[in-house]
Amino acid sequence: MMMLHQQLRLSRNITTAAWQNTSIGRFMCSAAVGSRGDTEIDTNKPRARTDLSSYTKRPARLGGGKGSNNRLRPPTDVEKNSRTSFSGGNLHRLDDSGDNRIRRQQHGSRTDIFPHNLNAAKSPPIRYNNFKSNNRSETAENKQLYHNIIRCNTIEDTVAVAHDHLDKLSPRTTAAVWKHLSSLLGKPHHNQKNANALDEQLEKQLAMLLSHTSNQITEHNPAVLANTAHALASIVKTTTLATNHKKHNGSMDQLFHNLLINDNVNIWNKLQNRYLQMEKSFGARQIVTLAWSFATVLDPIKRNNNHNSSLLNVAPFFSAAYRTFQSKRETFSTKHLVNLAWSCMTCRYNMPELFDLLADEFVSRTHDPNEVENFDAVTLCQLASSFAKAKHNDARLFQAIAKAVSPILHDFNGRHLANLIQPFAFAQIVPKLGDDGRILFDEVAKVTILRVNSLAPQNMANILWAYATSEQPHPELFNAIAQEAAPRLKEFSSKQLANLAWALSKYPPTESKDYIFDRIATEVVDRGMESFTNQGLTMVAHSFATVGHTSHGNFWNTVERAAVDRASQFGHLECAQMAWSFATIGRSSDELFRHIERVAISNIRAFNSQGLSNLAWAFSMLGYDSLPIFEAIAKSSMNKMSDFKPAEKAMLVLSFSRISHPFQSLFDQVASQSIFELKSFGSLDLFNMVLSYSKADASRRNKKLLKAIADEIVCRPSSLSPKMLVGIAWSYANEGFRDPKLFSVISQECLGYCDSLDSQEIASLAWSFVSVGCRDRLLLQTLAEKSDTKWEEFDAQPLANMAWAFATAEEDKPSLFEGIADSAITIKNNFTSQGVSNLLWAFSAAGYPEQRLFQSLAIPASSILNEASHQSLANIAWAYSVANVEDSSLFNEQFVSFCVQKEHDFDYQGLRQLHQWNLWRKELKSDIVLPIDLGSRCFNEFSKQSLITSDLQKQVVSVLHSVRFNVDEEVQTNSGYFLDATFINNGKVIGLEIDGPSHFIGKKKKGNTILKKRQVANIDHIPIISVPYWEWNDLVSVEDKERYILTLLEALFRSFDRVDGLKESNIIILADGCEAAADDNATATTTTTKKKKKKKKKKTNFKHGVAPLETRENYKQHLKLLKEKIDKRQAPFQPIKNGSIQLLQLPHRHGSARAIAAAFKAEKSLISTPYILIGQHDNFFVKDVSYLTSLISYLEEDHTSSWLQCVHFPSTATLHYVEKVKRRYDLDISKFCVGYDGGSFIPLVFWFGRTHLARTSYYTNFILKQCPNLQVSDHLEEIFGTQQLSELNQINKKSEDEFEEEFRRVHRKYSNYVFFDNDTPEEQTEVLYHMSGRKVRAATTSAQPSEQEIPRPNPDPRRNASFNPQPKSFTSARRSIASVPGLEFVPQESGNSNKTPKKFKQNCFHCGKKGHSFKFCPSIQEDADMPSIDVLQI
């Protein structure tokens, strides 16, 4: 039986069907949901729990033929093509394009799918399988006529026979005629006779037959009426499906369709009226049959008559059916209940009283064991779907269905599971299965995981859709389906693929998120976007944007091209969602957004509040500051403002705050509506509101709103994250809005979470508090401590903000300013004019005029003077005056010219700063000074400073009078400065400055105090005595104070030498990841066959990033403790004065080679020195190295750059190296050794990876370029060592004359040497010791290992005297064992000597033979070959 597809307006729809057999009395029910066919259940038979997935779409014919009962047959081609799919909340054919909708709750959060005009498949009709004329009242002539009709094999013959005997056709026989015509229409060959043209006579005969039928309706009894309606509805169902899909060119099918739908709609009203006349005579089966018939024809009638619902109004029928059911409910079987609910839902007749009654009846039957025994998967699924589609979400009913499902859930196949869980998702009901906390979704997930290999693509997409819609994250289920779907994506239709992506974007699988989205992206690119609907295209883009998957560039290129081509066809939802997707991943597309803008403006009224806010957010996020689109959005939003939710209002004003066009009226309207509903705003909404009004400069007009938001935040501060609080503090500070309660709460909330703040947030928080005068000392102290270890993370502006905040707050933090200076120098070219002026001002004001900082920033500052404001010019001038750093590239005629251009912009503060700069120029005796007019203005303003005499000043002056000094107070010098006092000593004027707390930060002089003292001394030639307040306060008696003043006079003429610091170095601890990256595991993916998928358990392999969970957690804890020690500078992680220790943690397993490459690629500032020392964690220095500086100096010499790139330190492997190479490889390298400073450089024939010194360029230009595609298992030593040795061995085969030249040529490629500071081979000792991690472990006690505990290959080390190496031996005459505090040796296993050695691919170091290692070398067993052992204390 063909499936009838109809256009439904219901937001959610599952297609179902019901049919009967009147002859036998069996009632059948099937749910045409899923993709494998429908199910038939015979309620007269005992319930058997079998796999129903093999049942066909067409019910087995019951009765009417020999052996026909319950026979199954494979589906026809028509049926195969009519399978239905329940995806994205809608039933649709697998080849149907459908139209799902995505609705965005708020930017970046969850989405819902809303159906729209989907072709939903109808269920199979109630089937009456034979119309034998077995009624005793039928005449013999009627019986014979009936048999003649059913023997006809064509439609034309059937109609002709019926037409010729119209006057003899009884109502029952007439119903049989239509039934027979219905069966003939369902056959694939029914149109062959009239394939090219219709017989006009046939059309007339059919019209007369239908007219005859219509006239007979008043004579129909309940059974005949139901049979007639059923037969006619079956024809409508068959022809509608055929005409929709143009199966037969619309010939015969179109004729019947027009006859029953377009031309004779009134016959359906007659059928309904006849029912109403004798409704009390109808039984349950006849009522359900009529309900199915009306549900089948209603949509085609409306669709073919411009959706005119007045042509057929089925409300009277369902009202009467409700009355009958109310009085005869006990006569309705459970399947009757289900089909009645389905029919009412399909007709979209809003009759809650009927659904309430149906729900009550079903719930009551769940308590009857006999009824429960007859429940099956199809019945329960169809009942749930009918109620969900009708939006009658009765919690009692769904709970009862869940209870009924529980004991038979393990009998459900994949299609049943999908059809069951979807209605619960539609209804947003999550029922519990007992008091133990189990819920239906968990139990369905367990069964689904067991059946995952048998799930059809539609089932997978539908199940994940249901879980995502119900917000039921089930990691195991999502992982299982993702893994199952990945290799089968080609089986998915485009709609299914879109729904799968959408569901996975809601709850990405934890184990394979990137993998599954990569596979989906590849599949989308391969098949192209032609098969995707506009909604499918939007859904896929939205899904990938939600998870932030941007690595597959071809995918987004494909989406963009398709979106550009189709943008003119987009609806308002597609416009908003496509724009949101591109904005979320930060992908600009001018052409796409131009199309979206044009479509959106023309259709702006169709956008709801959510669409308007998302559209505005997307355009503003990508910087598309187009006035027309924002005007349209603003106008429409203001008209619909009452519809906006709090989150949408916040998103709207946030978007408009980013653009250059002011929309004050919009901000005012949002403020007026929001101020009284702030309690309904979420934390993110409050944050966005504050940020928006601050950025848009709209807060001054809406101060009441800001005050109300501040009060609301104070009431619930813990609901906002620390990062949000930082943004709120910045917004209020930016507006100069000081609210002590708010800032106090922000400080309390942020103090415990400063570790989670990034560099910009730390700087923003410090700046905000200081800007509004809330100088929270504890908070600033905490921020300073957290910054000490992350200065390299700060950008230019955060550095300037930090310096400004701590200078303004007068916090004495030497390490902070030192860290800022170091970092600022490395990014000196990144500062804006305001940033550099604020930074320099802060250092000078705080009394930290770092010479190196000012020298480094001079040239960058000079390049941006044309952008500098008048205040920035004044700050730069004043800061350099304090630092006393002259630079002609900055201060020249151009600088003076810029000052003159902005002469009238300077305020009094700027003029005073310029006067002090002018004085500094005189100090330097420079010709670069301000013009006379501008200089006079600056002097006059500087001379107007108000004078305040402090109590401390009065005390000091009084003491000076007592020691017979004539003191003048408040004396102005020729330069314009005012001195607290002056007096004459030995004929010389001495200036006295009584420095109270305002002159210091801690006990360090501020910049203005430093500058005043220096300039008065140099320009006015008056030496200054400074009396710090703390020293004066420590003096108790007058005699002490007098003696103190005289001591200061003597100290006036003394000065202090400056001491240079040690050379600084940066230490980088490179921590490799513990887990392999997804790409590295790609090759380990197991193959899958159609029959069975074998999974291989991954074995532990630390080198390849396969480690047990416990090991991974231990490693993470280890790195955490390591970082804490580095941050706290605990021994031994204590850098020298200006040095640093950094921990670079790699996110996943790299391997040694790739880890080194990652360090070079991490940041430009990470490795910036010309030389680098690369060390391994298990290589220990066991001898003092006093020649490192000398080595670097030697490398600096020009002649070394061509042959010396890499220098190794001596180790056991390189002791007596010349002899070993000669013995092992027959290479004489003695002539290539280079003497230096009493030692020698010996060329290496094998590239070692041990700790070594190298030029940084050696790695960047040679090592890493030679290996662009490193793998996890790669080691540089294996790559270059084997390569170098092979090339050198080939040279040896050449003639003696060519050897030296060729050796130098090849070796210069590697340029690697080992350096011995003593050229005497007998005195050579190792500098490096390699500690094997497999032989030691953490000590259980603090005691050092005894001599007996140290493993030795031979117990008698005295045999060194007879050491006789093999001809190819690389073994040294002595070996070393290290004793390390805190480590102990791993005990040897018993019977270890009998252990079978693993296959060894390299050559043995001892004998030179291949196939075994040194440990298992046969010749090592001879005592004479055993080297001695030294114990090294580390």
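In case you missed it, the structure is sitting above this.
Just so it is clear, the model here is predicted, and its values are computed rather than measured. (Residues numbered from 1 in each chain as written. Predicted model: local features only at pLDDT ≥ 70, side-chain atom pairs only at ≥ 80, totals over all residues. Heavy atoms only, no water.)

Caption draft 1: Molecular detail of the packing of aromatic side chains. This model, assessed by the stated rule, comprises 54 aromatic pairs. Taking the centre distance of 5.1 Å and the plane angle of 90° together, the rings of Phe517 and Phe544 count as edge-to-face. Of this pair, Phe517 sits in helix H21 (residues 513-527) while Phe544 is found in helix H22 (residues 534-547), placing the two residues 27 residues apart along the sequence. For Phe517, a relative accessible area of 0% translates into the label buried. (Phe/Tyr/Trp six-rings, centres within 6.5 Å; stacked < 30°, edge-to-face > 60°. Helix = DSSP H or I, 4+ residues; strand = E, 2+ residues; numbered from the N terminus. Buried < 20%, exposed > 50% of the residue type's maximum accessible area, 1.4 Å probe, protein only.)

Caption draft 2: Fine view of the environment of Gly996. Examined against the element boundaries, Gly996 turns out to sit in the loop between strand S11 (988-995) and strand S12 (1000-1001). Here Gly996 falls in the buried class, since its relative accessible area comes to 12%. In the structure, Gly996 is positioned 34 residues away from Trp1030 in sequence and 8.2 Å away in space, judged by C-alpha atoms. Beyond its immediate stretch of four places on either side in the chain, Gly996 contacts Leu952 and Tyr1029. (Contact = heavy atoms within 4.5 Å.)

Caption draft 3: Here's a closer look at a negative patch on the surface. Side chains of Asp1228, Glu1296, Asp1297, Glu1298 and Glu1301 sit close together on the surface and give a patch of like negative charge. Inspection of the secondary structure puts Asp1228 in the loop between helix H51 (1217-1225) and strand S20 (1234-1236). Its relative accessible area of 31% is what places Asp1228 among the partly exposed residues. (Patch = residues over 30% accessible without salt bridge, like charges linked within 9 Å, V, L, I, M, F, W, Y side chains within 5 Å. Areas by Shrake-Rupley, 256 points an atom, 1.4 Å probe, with all protein chains shown as cover. Salt bridge = Lys/Arg side-chain N within 4 Å of Asp/Glu carboxyl O. Lys, Arg positive; Asp, Glu negative; His and termini not counted. Charge placed at Lys NZ, Arg CZ, Asp CG, Glu CD.)

Caption draft 4: A look at the pattern of salt bridges. Inspection of the entire model under this criterion finds 35 salt bridges. Between Asp822 and Arg852 there is a salt bridge, and its shortest N-O distance comes to 2.6 Å. Within this pair, whereas Asp822 is found in helix H37 (residues 814-826), its partner Arg852 is found in helix H39 (residues 851-863), the two being separated by 30 residues in sequence. Residue class for Arg852 comes out partly exposed when judged on its relative accessible area of 32%. The structure contains a network of salt bridges with shared partners spanning Arg329, Glu361 and Arg365.

Caption draft 5: Representation of the packing of helix H20 (residues 494-506) against H22. The contact between H20 and H22 brings their axes to 8 Å, and the two run at 25°. Put simply, H20 runs roughly parallel to H22. Seen from above, H20 lies across H22 with left-handed handedness. Residues Ala498, Asn499, Ala501, Trp502, Leu504 and Ser505 of H20 pack against Gly536, Met539, Val540, Ser543, Thr546 and Val547 of H22. Here the residues of the contact of H20 with H22 are counted per class, giving 7 nonpolar, 5 polar and no charged. (Axes fitted to C-alpha atoms, helices over the stretch in contact; angles between N-to-C directions. Parallel < 35°, antiparallel > 145°, perpendicular 65-115°, else oblique. Left-handed = near helix turned anticlockwise from the far one by under 90°. Nonpolar A, V, L, I, M, F, W, Y, C, P; charged D, E, K, R; others polar.)

Caption draft 6: Spotlight on the sheet that holds strand S9 (residues 967-972). Reading across from one edge, S9-S10-S11-S14 is the order of the 4 strands in this open sheet, with mixed pairing throughout. At either end of the open sheet lies a strand with only one pairing partner, and these are S9 and strand S14 (1024-1028). For this sheet, the mean inter-axis angle between neighbouring strands, taken without regard to orientation, is 35°. For strand S10 (residues 978-985) and S11, the ladder comprises 5 bridges, and the chain directions are antiparallel. Residue pairing across strands places Phe983 opposite Ile990, the latter belonging to S11. Across the sheet, helix H45 (residues 1007-1018) lies against S10, S11 and S14, angled at about 40° from S10, the strand it touches most. (Pairing = 2+ DSSP bridges.)

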